[in-house]
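In case you want the letters, here they are:
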Amino acid sequence: MSSTAAGWLQVLALVGALALCHRPLGDHIAKLLTTARHLGAERVLYRVVGVDGDADQRWPVYLRSVLAFSALSILFLYGLIRLQSHLLLSLGVPQMPGHQAWNTAISFTTNTNWQSYSGESAMGHLVQTAGLAVQNFVSAAVGIAVVAALIRGFTRHRTDRVGNFWVDLTRIVLRLLLPLAIVFALVLVANGVVQNFHGFHEVTTLTGGTQAIPGGPVASQEVVKELGTNGGGFYNANSAHPFENPTGFTNWLEIFLLLVISFSLPRTFGRMVGDHRQGYAIVAVMGLFWVASAALITFAESHHSGAALNAAGSATEGKEQRFGIAASSLFAASTTLTSTGAVNSFHDSFTPFGGGLTIFNMMLGEIAPGGTGSGLYGMLILAIVAVFVAGLMVGRTPEYLGKKLGGREMKFASLYILTTPALVLVGTGVAMALPGERAGMLNSGPHGFAEVLYAFTSAANNNGSAFAGITVNTDWYDTALGLAMVFGRFLPMVFVLALAGSLARQQPVPATPGTLPTHRPLFVGLLSGVVVIVVGLTYFPALALGPIAEGLH
């Protein structure tokens, strides 16, 4: 079988598996977010932390709960990392510097999983399991909780209540993420992914040298890093490492895991608002961008110029031969269109246009299908903008799902859209203006600029992947990228929850013959155009200075 045919079969199998899971998983998420019934374990947790599971919160209280929980998570993880040399299962790793520990704690709490260290040599097993893996669960749950609050803003009226963050967080972890992680971790172990608490084994190589091979609880972290669109690797090579991703099947499964929840959430949205067609329209836009990105990256990596690439037949540098071009491109498209950031190949070695597309995917806001929760609330913000644009065209007050979109709502949507580009472009500009930070680039010219642009795009969009040819483990980069991760995660959440509160206070308006149908192909096309024009073109000058200039050269 040719590599092209194998690539298409992988895509078709992936689409089929996602389609099969879309309805049952989406309905399950909707049920756990709407049912009044609490499980016994949940009631115990509510009593321990002093939460009334039957009391809803106003949006400012919901927001304070999100921020307080995340702040405590950062402090706990920072302390755990700094003290790991004094803890069990530290494996003798040296203490991480303060600025790097701060960056890492923020990274995992914000669902970014940016890693300026090598996992196998910088983290002991206790920190990996009790620190990083725990944050992989709860940071993903926070994203889903926030989008649940936004959906309640559409479904409720004449109220200031958008749900209970602590109830949402608990249910998402216990009823969704944990069961799925247990099942698929066993599948990964059965297919060769490492799961133990061994330290380093020193072995003799064929040439007579020695090599230290690390073990560890890899499968349990691998499954949730994909399922929760986190992305941080147990090993430095991430999902290119054979202990994390040993076969073509595990590679396909990891792509499936990082997509399945985000592609199912539109079904949750449709069910909660009482119109499944609304969810189908949203998932159609997500699917269009995902398929287009995977096809374009595969084309860019397969069709090339240059003697070395022509001799190899494709751009094989930085790619695992056991996966090939198609699987590597599919993984790259999926991991940058979500907030995952896991990699099975090195994006810095992609062709200029292939690497540029991975940057562009993140610049779109990672909404196709995006991170767990964050992808859907990002797409719903853009849907609101699309409805507003359509309303301006016909001269009537825009309405979406029975709620009027006035000046207050559009201010929140606009601030949401402007936040991430400001962080990316300002951060990149400052880094390029400082001679010491420019010296961290291992490449000059457009590709060196693209490395810096990728770093801030990845941090501000909470992706976590990188063009590896840049030295970021410095005081300045750890601080600057840490701030980009914090503001890129929580400022948009502020605007989303404020929007949810504003919508929930409204009285729904009935649909009229002049109301824009938001479930038809026309709206799918309009929303797709808004994504490209409003979001994508914001970054065009920066892309022109980096990957586009390199590709044309």
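Look a little higher up for the structure.
Residues numbered from 1 in each chain as written. Predicted model: local features only at pLDDT ≥ 70, side-chain atom pairs only at ≥ 80, totals over all residues. Heavy atoms only, no water.

(A) Expanded view of the packing of aromatic side chains. Enumeration according to the criterion identifies 17 aromatic pairs in this entry. Aromatic pair Phe 69 and Trp 166: ring centres 6.1 Å apart, planes at 80 degrees, arrangement edge-to-face. Of this pair, Phe 69 sits in helix α3 (residues 59-82) while Trp 166 sits in helix α7 (residues 165-190), placing them 97 residues apart in sequence. By relative accessible area, which is 19% here, Phe 69 ends up buried. For Trp 166, a relative accessible area of 26% puts it in the partly exposed group. Here a set of aromatic residues connected by ring pairs shows up, and it is made of Tyr 62, Phe 69, Phe 165 and Trp 166. Its end group placed over the ring of Phe 350, Lys 319 keeps NZ or CZ at 4.2 Å from the ring centre. (Phe/Tyr/Trp six-rings, centres within 6.5 Å; stacked < 30°, edge-to-face > 60°. Helix = DSSP H or I, 4+ residues; strand = E, 2+ residues; numbered from the N terminus. Buried < 20%, exposed > 50% of the residue type's maximum accessible area, 1.4 Å probe, protein only. Lys NZ or Arg CZ within 6 Å of the ring centre and 35° of its normal.)

(B) Representation of the packing of helix α15 (residues 407-433) against helix α18 (residues 475-504) within the structure. Running from N to C, α15 and α18 point in directions that differ by 175 degrees, and their axes come no closer than 8 Å. It follows from the interaxial angle that α15 and α18 lie roughly antiparallel. (Axes fitted to C-alpha atoms, helices over the stretch in contact; angles between N-to-C directions. Parallel < 35°, antiparallel > 145°, perpendicular 65-115°, else oblique.)

(C) The arrangement of a nonpolar patch on the surface in detail. A surface patch of nonpolar side chains, amounting to about 420 Å² of accessible area, comprises Val 532, Ile 533, Val 534, Leu 537 and Phe 540. Looking at the nonpolar patch element by element, the count peaks at three residues for helix α19 (residues 521-535). Tracing the backbone shows Leu 537 in the loop between α19 and α20 (540-552). (Patch = residues over 30% accessible without salt bridge, like charges linked within 9 Å, V, L, I, M, F, W, Y side chains within 5 Å. Areas by Shrake-Rupley, 256 points an atom, 1.4 Å probe, with all protein chains shown as cover. Salt bridge = Lys/Arg side-chain N within 4 Å of Asp/Glu carboxyl O.)

(D) Here's a closer look at the pattern of salt bridges. Summed over all chains, the structure comprises 14 salt bridges. Asp 56 is the salt-bridge partner of Arg 156, the closest N and O atoms lying 2.8 Å from each other. Highlighted residues: Arg 156 in the loop between α6 (125-155) and α7 and Asp 56 in the loop between α2 (40-49) and α3, separated in sequence by 100 residues. Measuring nitrogen to oxygen at the nearest pair gives 3.3 Å for the salt bridge that ties Arg 396 to Glu 399.

(E) Here's a closer look at a positive patch on the surface. The grouping of Lys 31, Arg 37, Arg 43 and Arg 47 at the surface amounts to a positive patch. Counting through the fold element by element, Lys 31 comes out in helix α1 (residues 3-34). Looking at Lys 31, the relative accessible area reads 56%, which means it is exposed. (Lys, Arg positive; Asp, Glu negative; His and termini not counted. Charge placed at Lys NZ, Arg CZ, Asp CG, Glu CD.)

(F) Expanded view of the environment of Ala 333. On the secondary structure map, Ala 333 appears in helix α12 (residues 324-337). Taking the relative accessible area as the measure of exposure, Ala 333 reaches 0% and is therefore buried. A C-alpha to C-alpha distance of 23 Å links Ala 333 and Gly 26, two positions 307 residues apart in sequence. Setting aside residues up to four positions removed in sequence, Ala 333 forms contacts with Ser 293, Ala 294, Ile 297 and Asn 361. (Contact = heavy atoms within 4.5 Å.)

(G) Quick look at the pairing of strand β1 (residues 200-204). Relative to strand β2 (residues 210-214), β1 runs antiparallel, the two sharing five bridges. Bridge assignment links Thr 204 to a residue of β2, and that residue is Thr 210. Between β1 and β2, which pair antiparallel and follow one another directly, the connecting turn spans five residues, one of which, Gly 208, has a positive phi of 95 degrees. (Pairing = 2+ DSSP bridges.)

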